Amino acid sequence: SLLTGPRVALHLKIAEEIERRSGNRLIEVAEQLAHHYDLAARPDKAFTYLVLAADKSLDIYSLEQAEHYFLRALTVWENHKSCSHRSFVAHAVGRLLETTLLKNEFGQLGRRYEQYQSLLSELGASRDFVLASCYQANAMTQRLEFRAADVLMTKTLAVAEHIGDGQSRAYARGVLLFVRTVRGIDPLESAEEMKAKLLDDSRRFGDSYIRNWSFWFVAWDYMYRGLMKEARETALQLIETGKELNDPRAFGLANWLLAWISILADRYDDGVSYAEECLRVAITPLDVSNGEATKAIAGVFQGRAREGLAQLDALTVDMERLENRYNGTAGARGAALALSGRLAEGIRFLKRTIALFDDVEDRTNAAWTRIILAEVYLQILSGDERP
């Protein structure tokens, strides 16, 4: 009920008193300070505490809150461009992109990157530029834009090496390894050298995010090469890293990996068990989505084709909406169609899937789908039942 002037003045007094009393515990009251400074017409302070509140939320995987505070902070900046240094704004953009990735919203991530690309480009060679580029490349891989992601990450790694920042190198090298793994570019010897540098930088300079993902990228490369023993050992190292860092997200990532390793090794019961464990410990929508997908895929090959097909179709609708197309469900869906009696439809779907993977240069997914198609033909030829 106060008039604007007295109300603004009162919010300012409250904010200054909370700030004074909190001393070196400002992070504990960041949300209150952000609220009062925003209403006190102090965009500089409001931006700072909104970002602090967002960082705090993201660090404990409270993704909805983190997104809310980052978006509010960037709205303050859009309305008051002088409220903060551009490097701090770029930090907020990068962390917003990380939040969007963990929410499994890859189309949205790409749009947000484009929205702030000019700001990031103006900063030039910096850690925030590198990290934002890595998140964008991750989104590109989910949209099956592997060649473009390879180009972006090759340039980004060069920037990271130029600025001499170990954390930047780990981020850039990790995503580049992943893209080159999918495209099947590097012989094992070259990949091993890249993995050694990645793990060294992530251990010495990395935060929890890249330390977790470094082990994931290394295990994925082994898995794509059919080196299942090495892939499994790396996934187990990821679990140990999670315990060491007290980061629960590592357990969801590791069980997602172990589910895939089991599926590709024809241990479908184990695949279902690891997928269920992934779902039990998952703390981000990305991990939940992948746990659901691997559970449905393993279920198809266990012999529950109709049930698995229904689950995969429901997941596909949601994944297409989010532009999460690198999810491994296509080959299993083709098998489920065939195993549930829709042979011609299943075969056509598998052939289209192979052509798609060949076109985007996902070598191993193309090969795995060819194997699935071959097994469908073999079952038709050797089975006792009419097709």
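Scroll up for the structure.
Residues numbered from 1 in each chain as written. Predicted model: local features only at pLDDT ≥ 70, side-chain atom pairs only at ≥ 80, totals over all residues. Heavy atoms only, no water.

K.L.:
Got a minute to help me understand the packing of aromatic side chains in this structure?
P.N.:
Aromatic ring pairs are reported here in terms of the distance separating the ring centres and the angle at which the planes meet. Within the structure shown, the criterion is met by 22 aromatic pairs. Relative to Y209, the ring of Y171 has its centre 5.6 Å away and its plane inclined at 5°; by these criteria the two rings are stacked. A residue pair is termed long-range when its members are at least 10 positions apart, and Y171 in helix α9 (residues 166-183) and Y209 in helix α11 (residues 208-224) qualify at 38 residues. Accessibility expressed as a relative area gives 1% for Y171, which makes it buried. What makes Y209 buried here is its relative accessible area of 9%. Look at W216 and W256: their rings are 5.2 Å apart centre to centre, the planes differ by 40°, and that puts the pair in the tilted class. Here the residue W216 occupies a position in helix α11, and W256 occupies one in helix α13 (residues 249-264), the gap between them amounting to 40 residues. Both residues of the pair, W216 and W256, count as buried. Ring pairs connect the aromatic residues Y135, F146, Y171, F178, Y209, W213, W216, F217, W220, Y224, W256 and Y326, which therefore count as one cluster. One residue, K195, lies across the ring of Y222, its end atom 3.4 Å from the ring centre. We note R333 situated over the ring of F349; from NZ or CZ to the ring centre the distance is 4.8 Å. (Phe/Tyr/Trp six-rings, centres within 6.5 Å; stacked < 30°, edge-to-face > 60°. Helix = DSSP H or I, 4+ residues; strand = E, 2+ residues; numbered from the N terminus. Buried < 20%, exposed > 50% of the residue type's maximum accessible area, 1.4 Å probe, protein only. Lys NZ or Arg CZ within 6 Å of the ring centre and 35° of its normal.)

K.L.:
Sorry, what's going on with the side chain of S168 here?
P.N.:
Looking at the element boundaries, S168 is found in helix α9. Once residues within four sequence positions are removed from consideration, S168 is found in contact with R127, V130, L131, A160 and I163. (Contact = heavy atoms within 4.5 Å.)

K.L.:
Help me understand the packing of helix α7 (residues 127-142) against helix α8 (residues 146-163) in this model?
P.N.:
Pairs of packed helices are described in terms of their axes, by the angle between the two and the distance that separates them. The N-to-C vectors of α7 and α8 enclose an angle of 165°; their axes lie 9 Å apart at closest approach. With respect to α8, the element α7 is oriented roughly antiparallel. Remark: the crossing between α7 and α8 carries left-handed chirality. In contact with R127, F129, V130, S133, C134, Q136, A137, M140 and T141 of α7, α8 contributes F146, A148, A149, L152, M153, T156, V159, A160 and I163. Looking at the contact of α7 with α8 residue by residue, the class counts come to 13 nonpolar, four polar and one charged. (Axes fitted to C-alpha atoms, helices over the stretch in contact; angles between N-to-C directions. Parallel < 35°, antiparallel > 145°, perpendicular 65-115°, else oblique. Left-handed = near helix turned anticlockwise from the far one by under 90°. Nonpolar A, V, L, I, M, F, W, Y, C, P; charged D, E, K, R; others polar.)

K.L.:
Just to check I follow, could you spell out the pattern of salt bridges for this structure?
P.N.:
If the charged atoms of two oppositely charged side chains come close together, the side chains can form a pair. On inspection of all chains with the given rule, the structure shows 46 salt bridges. Two residues, K45 and E19, come together in a salt bridge whose shortest N-O distance is 3.0 Å. In this pair, K45 is assigned in helix α3 (residues 43-59) and E19 in helix α1 (residues 4-22), connecting sequence segments 26 residues apart. Judged by relative accessible area, K45 falls into the partly exposed class, the value being 25%. Taken together, the shared-partner salt bridges in this structure form one network comprising R147, D150, R180, R183, D186, E361 and R363. (Salt bridge = Lys/Arg side-chain N within 4 Å of Asp/Glu carboxyl O.)

K.L.:
Looking at this structure, how should I read the nonpolar core?
P.N.:
Nonpolar side chains in soluble globular proteins generally cluster together in the buried interior. Membership of the largest hydrophobic core comes to 124 residues, with the highest contact counts inside it found for F47, W213, W216, F217 and W220. In terms of residues, this core owes the most to one element, α11, which gives 12 residues. Here W220 is in contact with F178, T181, L257, W260 and Y326, once residues within four sequence places are set aside. (Core = buried A, V, L, I, M, F, W, Y, C linked by side-chain atoms within 4.5 Å.)

K.L.:
Would you mind showing me how to read helix α19 (residues 363-382) here?
P.N.:
Three- or four-residue spacings in an α-helix give side chains the same orientation, since the helix completes a turn every 3.6 residues. Taking 1.5 Å per residue as the helical rise, α19 with its 20 residues ought to reach 28 Å, and the 29 Å between its terminal C-alpha atoms agrees with that figure. What α19 keeps buried is the set N365, A366, W368, T369, I372, L373 and V376. Looking straight down α19, one finds its buried side chains confined to an arc of 170°; they lie on one side. The outward face of α19, more than 90 degrees from its buried face, is lined by the exposed residues L378, L381 and S382. Its buried side turned inward, α19 meets α11, α13, α15 (285-302), α17 (329-339) and α18 (343-360). (Expected span 1.5 Å × (residues − 1). Arc of directions from axis to C-beta.)

K.L.:
What is the right way to read a nonpolar patch on the surface from this model?
P.N.:
On the surface, a cluster of nonpolar side chains totalling about 230 Å² of accessible area is made up of L2, L10 and I14. Structurally, L10 is set in helix α1. On the basis of relative accessibility, which here comes to 43%, the residue L10 falls in the partly exposed class. (Patch = residues over 30% accessible without salt bridge, like charges linked within 9 Å, V, L, I, M, F, W, Y side chains within 5 Å. Areas by Shrake-Rupley, 256 points an atom, 1.4 Å probe, with all protein chains shown as cover.)

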